[in-house]
Amino acid sequence: MSKTKNILSVSQLNQSAKRALEQSLPSVWVQGELTNLAQPSSGHWYFTLKDARAQVRCAMFRNKNIGIRSPIQAGDQVLLQANVSLYEGRGDYQLIVNNLQKAGLGDLHQQYEALKNTLMAEGLFAEQTKRPLPPMPKTIGVISSPTGAAVHDILSVLKRRYPLANVIIYPAQVQGTEAPQSLIKALGLANKQLQCDVIILGRGGGSLEDLWAFNNEQLVRSIYASLIPIISAVGHEVDFTLADFVADVRAPTPSAAAEAAVPDIQALRTTLIEKKRQLYKQINTSIVDNKRRLDLASIALHNPQQALRNHQQRLDFYELRLHKTIHMAITSKRTAFNAQLQQLNSNNPKQHLQQIKQKKKQLLQRLQKAICALLDRRRQRYMNQVALLNAVSPLNTLHRGYAIARNAQGCVISSVENVQPNTQLRITLQDGILETLTL
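An account of the accompanying structure is given in this report. Predicted model only: the values in this text are computed from it and were never measured. (Residues numbered from 1 in each chain as written. Predicted model: local features only at pLDDT ≥ 70, side-chain atom pairs only at ≥ 80, totals over all residues. Heavy atoms only, no water.)

**Looking at the packing of helix α4 (residues 149–161) against helix α8 (residues 254–261)**
When two helices pack together, you describe them by how their axes are tilted relative to each other and by the distance separating the axes. Two elements in contact, α4 and α8, have axes whose closest approach is 8 Å; the angle formed by their N-to-C orientations is 30°. Judged by the angle between their axes, α4 and α8 are roughly parallel. Crossing of α4 against α8: the hand is right-handed. Taken together, the residues of α8 that come into contact with α4 (itself represented by A150, D153, I154, V157, L158, R160 and R161) are P254, S255, A258 and E259. (Axes fitted to C-alpha atoms, helices over the stretch in contact; angles between N-to-C directions. Helix = DSSP H or I, 4+ residues; strand = E, 2+ residues; numbered from the N terminus. Parallel < 35°, antiparallel > 145°, perpendicular 65-115°, else oblique. Left-handed = near helix turned anticlockwise from the far one by under 90°. Contact = heavy atoms within 4.5 Å.)

**Re the side chain of T139**
Locating T139 in the fold gives a position in strand β6 (residues 139–144). Judged by its relative accessible area of 11%, T139 falls in the buried class. Residue contacts for T139: discarding those within four places in its chain leaves N166, I168, Q195, C196, D197 and V198. (Buried < 20%, exposed > 50% of the residue type's maximum accessible area, 1.4 Å probe, protein only.)

**Some details on the sheet that holds strand β5 (residues 92–102)**
Here 5 strands make up a closed barrel; going around it, the order is β1-β2-β3-β5-β4 and the pairing mixed. For this sheet, the mean angle separating the axes of adjacent strands, direction not counted, is 55°. (Pairing = 2+ DSSP bridges.)

**Quick look at the layout of surface pockets**
Estimated volume of the second largest pocket: approximately 230 Å³. Every residue lining the second largest pocket is listed: N36, Y46, F47, T48, R57, C58, A59, F61, Y87, R90, Q94 and I96. Within the residue set of the lining of the second largest pocket, elements represented by two or more residues are β2 (45–50), β3 (55–60) and β5. The residue makeup of the lining of the second largest pocket, split by class, is 7 nonpolar, 3 polar and 2 charged. (1 Å grid on protein atoms, 1.4 Å probe; cavity = no way out; pocket = protein on both sides within 12 Å on 5 of 7 lines; lining within 4 Å. Points joined across faces, edges and corners; volume = space filled by probe spheres on them. Nonpolar A, V, L, I, M, F, W, Y, C, P; charged D, E, K, R; others polar.)

**Considering the nonpolar core**
Counting 31 residues, the largest nonpolar core has I143, L183, I199, F214 and I223 as the members making the most contacts within it. At the level of elements, α3 (106–122), α5 (179–193), β8 (198–203), α6 (217–225), β9 (230–234) and α7 (242–246) are the ones that each hand at least two residues to this core. It is α5 that contributes the most residues to this core, 6 residues altogether. Setting aside chain neighbours within four positions, we find I223 in contact with R131, L187, L201, I230, A243, V246 and A247. (Core = buried A, V, L, I, M, F, W, Y, C linked by side-chain atoms within 4.5 Å.)

**Some remarks on the pairing of strand β1 (residues 28–38)**
Note that β1 and strand β4 (residues 77–87) share 6 bridges and pair antiparallel. In the strand pairing of β4, W29 is matched with Q81. For β1 and β2, the ladder comprises 4 bridges, and the chain directions are antiparallel. Counted as the bridge partner of L34 is L49 from β2. If you look at the hairpin formed by β1 and β2, you'll find 6 residues sitting between the two strands, and G43 has a positive phi there, around 95°.

Shown next as structure tokens:
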């Protein structure tokens, strides 16, 4: 059996499988037949996508399917963009759908994605290229169909929020094959006249084909090159066109674009009233403060002699304090000088040298005494050693009439048994050595 650490629980296995699927296939486009559609009260959609040989479970949550206008039903051929995942509770492999459309629109989506990636790589959608909108524009340009509901909504919001702004409508087609060139022409005219502070470009909602004019590459590049900031308001909140990505500001609806373009005049009035109140309050406060200062100055001017005496008294006080301060400073400096002088005298090198000489003389005397005492001790030890040596020396015995007998080899003879006849002897006496033979 393998080690315990290599055994996975079912939950761990499903989690690992889910991560592997999501990392290896993060986003895919899939086409097939929609079946087993379930639409519970939560608003989420659950269905199966199949072809002649296989099927896969799918889930499309409410925040994604809310923008699907065409009703769907079992048997529809659909094209969807989804993330591959796994439902851990049942271990079912499934697709999390982000976008869904009836089959036949796939070519448009591929064109859309290819052009979007190309323009993004060129930097046309970069945030650093976006320009801020003017806070209070004088003139607003609107490029749209003059008869469409979008223009009506924009004009209605502008009139309500900021009636001070002028509006110039640049009529253009917003749908059909001629719409891109019509929009480009209107945008070129607005940039040529340069009468507008900001431009709203947009139309109402519609299908992908209805909004396709705003995915035109030439139109997108014209928006990027515009000298005037542009607000894109194409379709509804869930609709995204390439014009939205390249514009300086993207609004979810034409009405929202109008709100973004101008401030709320009621809010401005409220702000102005508050600023006016604050200004009046500051002016009144300043008047009161200046009046109080003027009154104080007037009181002082009524009796200049008193003010002069006050200044004279203050001057005398400062003079006395100055003299006192100077006297204290001089006393402090003198004390410090005397202390330094005393320290200098105590550190006089002549006196220090005399002390060293005296100490040297004392040390020399102590050294001589120590040497004499050491010599006396050594001499006494020597005499004691000599006396001890003489006390045990055999030579002292010879003075008392004793003798020392040795054979020819110099060995001491301590017994007659050690001597043979005719042996040469050497006898040491007090005053010399006697040589003889034994009998």
